[in-house]
Every structure is written in C-alpha cells, then in structure tokens.
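Reading the structure
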Amino acid sequence: MTRVVSFVTFTGPTGPAEYTMFVAQEGTRVTGRMTSASGEFPLRGAIEGEQFRIVWSLPDQGRMLEIVFTGTVDGDNLEGKALLGKSGEGPVHGERVGR
C-alpha cells in the first residue's frame, strides 16, 4: 500500500480553495481524506496509469456537495479539473509533499 500526502488547490465559482489530501493507494483503488480549516472529508477514487478520478463531498448550504477531481498525475504533480456538483467546474492542481 502506498501512502501520499498532497497539497491541493482547486478553483470553483467562489474562487480558490486549498486542501491537504491524504491518500492510500492499493492497486488502482485510492481512499483517504481531504482536510482544511473547514473540516475533514472522506474520499475515494482510482488511479490507472497517469489518469486519476477522486470523489468526495462537503457540506454546502445545508446539503452535501459532491466534488469530482479528474486529470493526470506526472511525478509529484497532479493537474486536472474539479466538477463541483451542479455548481460548475474549475482547474485543480496538486503537489506531493510527503509519503
């Protein structure tokens, strides 16, 4: 099992948001959590080759907003897009900061 800590920034309709992502990878499956001053949120997803998909949710105006990150991993960096439920989408960037 591989464990990774990354610093992730994504930009949505309300502007940039910064999180620390803790991920454990077993085969193509990933699990873990996103953390910020707003709280801690479980995540799940997959990495196949250089492609990733990570899904997590956070509270937004009394309901849970599903966020889906998709993109590519290149060494210690990830780049892609964040789909914020029906609220829109924006770029996502991440950098590995530890194991």
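Placed above this text is the structure.
Residues numbered from 1 in each chain as written. Predicted model: local features only at pLDDT ≥ 70, side-chain atom pairs only at ≥ 80, totals over all residues. Heavy atoms only, no water.

**Quick word on the sheet that holds strand E8 (residues 89–98)**
Stated precisely, the cut-off is as follows: For two strands to pair, DSSP has to find at least two bridges joining them. The way it works is that DSSP assigns letters per residue, a run of H or I at least four long becomes a helix, a run of E at least two long becomes a strand, and they are numbered from the N terminus. Every axis corresponds to a line fitted to the C-alpha atoms, with the helix fit spanning only the stretch in contact, and the corresponding angles, defined between N-to-C directions, vary from 0 to 180 degrees.
With antiparallel pairing, eight strands are arranged side by side around a closed barrel as E1-E2-E3-E4-E5-E6-E7-E8. Averaged over all adjacent pairs, the angle separating strand axes in this sheet is 30 degrees, with direction ignored. Pairing analysis gives ten bridges linking strand E5 (residues 51–60) to strand E6 (residues 63–74), with the strands arranged antiparallel. Each residue of the ladder has a partner; that of Pro59, found in E6, is Met64.

**A short note on the packing of aromatic side chains**
Where we set the bar: Note on ring pairs: Phe, Tyr and Trp rings are taken, using the six-membered ring of Trp, and paired if centres are within 6.5 Å. Classes follow the plane angle, with under 30 degrees stacked, over 60 edge-to-face and the rest tilted. A 1.4 Å probe rolled over the protein chains alone gives each residue an accessible area, and that area as a share of the maximum for its type sets the label: buried under 20%, exposed over 50%, partly exposed in between. By definition, being over a ring means that NZ of Lys or CZ of Arg is both within 6 Å of the ring centre and within 35 degrees of the ring normal.
All chains considered together, the criterion is met by three aromatic pairs. Plain terms: the ring middles of Tyr19 and Trp56 are 5.0 Å apart, the flat faces sit at 65 degrees to each other, and that makes the pair edge-to-face. Separated by 37 residues along the polypeptide, Tyr19 in strand E2 (residues 15–26) and Trp56 in strand E5 bring together distant segments of the chain. Exposure class is identical for Tyr19 and Trp56. Each is buried. Stacked on the ring of Phe22, the Lys or Arg Arg33 has its end atom at 4.1 Å from the ring centre.

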